[in-house]
Amino acid sequence: MKKVGIIMGSDSDLPIVEKAINTLKEFEVPFEVHVFSAHRTPVEAKEFSAGARENGFGVIIAAAGMAAHLAGAVAANTTLPVIGIPVKSQNLGGMEALLSTVQMPSGIPVATVAIDGAVNAALLAIEMLSLSEPSLEKKLADKRAADTAKVLEKNKAIEEKYNS
Ligand code: RP5
């Protein structure tokens, strides 16, 4: 199976990124994790991105906050799909990271999830890998069904409390 590359701009992003890591572990999808910054370590970020396809990666998740150019910079150096996670900041709440990540110029796509949307980033990466890994298709369907059952259970409790 192809690996998922997970890059974060700073180790301070790790508490958010760990949610993606845990989701990939749950699905037994192989991954690598790195701290590369578009601004602080641009050479390393570029080398990783440019070599990612030949190094066995199928998709890259890039998480960054503030002036979040990481996902775009990664996407500029690979034709693998890149998923951007805008990370919430103290001052502007992640809006700046969201806009920096999502507003890519035509030709260099970044699939952007919600602010701190690390679980969806991992699920989207798994969905991409499932195109060539049929075993992942069933796991995705099972998780979707389990999540639906949880919500229906909550609905039942609320309905019983207020509607009876
Ligand atoms: C971004 O700046 C990082 O992705 C992080 O979200 C933010 C702050 O980084 P630190 O100052 O905590 O290292 O590049």
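Throughout this document, residue positions are counted from 1 along each chain, in the order its sequence is written. Since the coordinates come from a predicted model, pLDDT governs what is reported: local features require at least 70, and pairs of side-chain atoms require 80 or more to be given and counted, while whole-chain, interface and lining totals use all residues. Heavy atoms from the whole structure form the basis of all side-chain values; hydrogens and water molecules are not counted.

Assigned secondary structure in the protein consists of six helices and five strands. Only DSSP runs of H or I with at least four residues qualify as helices, and only runs of E with at least two residues qualify as strands; both kinds are numbered from the N terminus onward. Along the chain direction, N to C, the helices and strands of the protein fall in the order β-α-β-α-β-α-β-α-β-α-α. Judged by the C-alpha coordinates and their principal axes, the protein covers about 60 × 40 × 30 Å. Residue burial is assigned from relative accessible area. The probe radius is 1.4 Å, only protein chains are included, and a residue is buried under 20% of its type maximum, exposed over 50%, and partly exposed in between. Residue burial in the protein is summarised as follows: out of 164 residues, 40% are buried. What makes two residues a contact is simply this: any of their non-hydrogen atoms within 4.5 Å. For the protein, the proportion of contacts with a sequence separation of at least 24, taken over those separated by at least 6, is 67%. Within the structure as shown, the protein displays about 9200 Å² of accessible surface, and the carbon and sulfur contribution to it stands at 56%. Positive residues here are Lys and Arg, negative ones are Asp and Glu, while His and the chain termini are left out of the count. One atom stands in for each charge, and that atom is NZ of Lys, CZ of Arg, CG of Asp or CD of Glu. The centroid of the 16 positive side-chain charges in the protein is displaced by 2 Å from the centroid of its 19 negative side-chain charges. For the area figures, the Shrake-Rupley method with a 1.4 Å probe applies, and any residue is considered shielded solely by the protein chains shown.

Packing of helix α1 (residues 14–26) against helix α5 (residues 118–130) leaves a shortest axis separation of 7 Å and a crossing angle of 35°. Judged by the twist between their axes, the crossing of α1 over α5 is right-handed. Contact residues: α1 offers Ile16, Lys19, Ala20, Thr23 and Leu24, while α5 offers Ala118, Val119, Ala122, Leu123 and Ile126. Under the scheme applied here, ten amino acids are nonpolar (Ala, Val, Leu, Ile, Met, Phe, Trp, Tyr, Cys and Pro), four are charged (Asp, Glu, Lys and Arg), and all others, including Gly, are polar. Residues that form the contact of α1 with α5 fall into these classes: eight nonpolar, one polar and one charged. A fitted line through C-alpha atoms represents every axis, and for helices the fit uses only the stretch in contact; the resulting angles, taken between N-to-C directions, go from 0 to 180 degrees. Rotating anticlockwise by less than a right angle from the far helix to the near helix defines a left-handed crossing, while the corresponding clockwise rotation defines a right-handed one.

Patch membership requires over 30% relative accessible area and the absence of a salt bridge. Like charges are linked within 9 Å, and nonpolar side chains (Val, Leu, Ile, Met, Phe, Trp, Tyr) within 5 Å. In the sections that follow, a salt bridge refers to a side-chain nitrogen of Lys or Arg positioned within 4 Å of a carboxyl oxygen of Asp or Glu. Taken together, Met95, Leu99 and Val102 make up a surface patch of nonpolar side chains, about 250 Å² in accessible area. Inspection of the secondary structure puts Leu99 in helix α4 (residues 95–102). With relative accessibility at 46%, the residue Leu99 sits in the partly exposed group.

Neighbouring the ligand are Gly9, Ser10, Ser12, Asp13, Arg40, Ala64, Gly65 and Met66. In the environment of the ligand, an oxygen atom lies 2.7 Å from a nitrogen or oxygen atom belonging to the side chain of Ser12. Each polar contact in these results corresponds to two N or O atoms within 3.5 Å; when the atoms are within protein, one needs to be able to donate a hydrogen and the other to accept it, and residues that are neighboring in sequence are counted only if both atoms are side-chain atoms. Asp13 places a polar side-chain atom, nitrogen or oxygen, 2.6 Å from an oxygen atom of the ligand. Protein coverage of the free-state accessible area of the ligand, which is 360 Å², stands at 72%. Working definition: residue near molecule or strand if any one of its non-hydrogen atoms lies within 4 Å of it.

Moving on: the confidence of the model for the protein. pLDDT expresses how confident the predictor is about each individual residue, on a scale running from 0 to 100. The predicted model of the protein averages 98 in pLDDT, with 100% of residues at 70 or higher. When pLDDT is averaged over each element of the protein, strand β4 (residues 82–87) comes out on top at 99 and helix α6 (residues 134–163) at the bottom at 97.

In this analysis, the expected span of each helix is defined as 1.5 Å times one less than the number of residues it contains. The end-to-end C-alpha distance of α5, which contains 13 residues, comes to 18 Å, matching closely the 18 Å that a straight helix rising 1.5 Å per residue would cover. Looking at α5, one finds that the buried residues are Ala118, Ala121, Ala122, Leu123, Ala125, Ile126, Leu129 and Ser130. Along its buried surface, α5 packs onto β1 (3–8), α1, β3 (57–65), β4 and α6.

Turning next to unusual backbone geometry. The phi torsion at Glu28 lies on the positive side, around 55°, for a residue other than glycine. On the secondary structure map, Glu28 appears in the loop between α1 and β2 (31–35). In this structure, Asp116 is a non-glycine residue whose phi angle is positive, near 65°. Mapped onto the elements of the fold, Asp116 is located in the loop between β5 (111–112) and α5.

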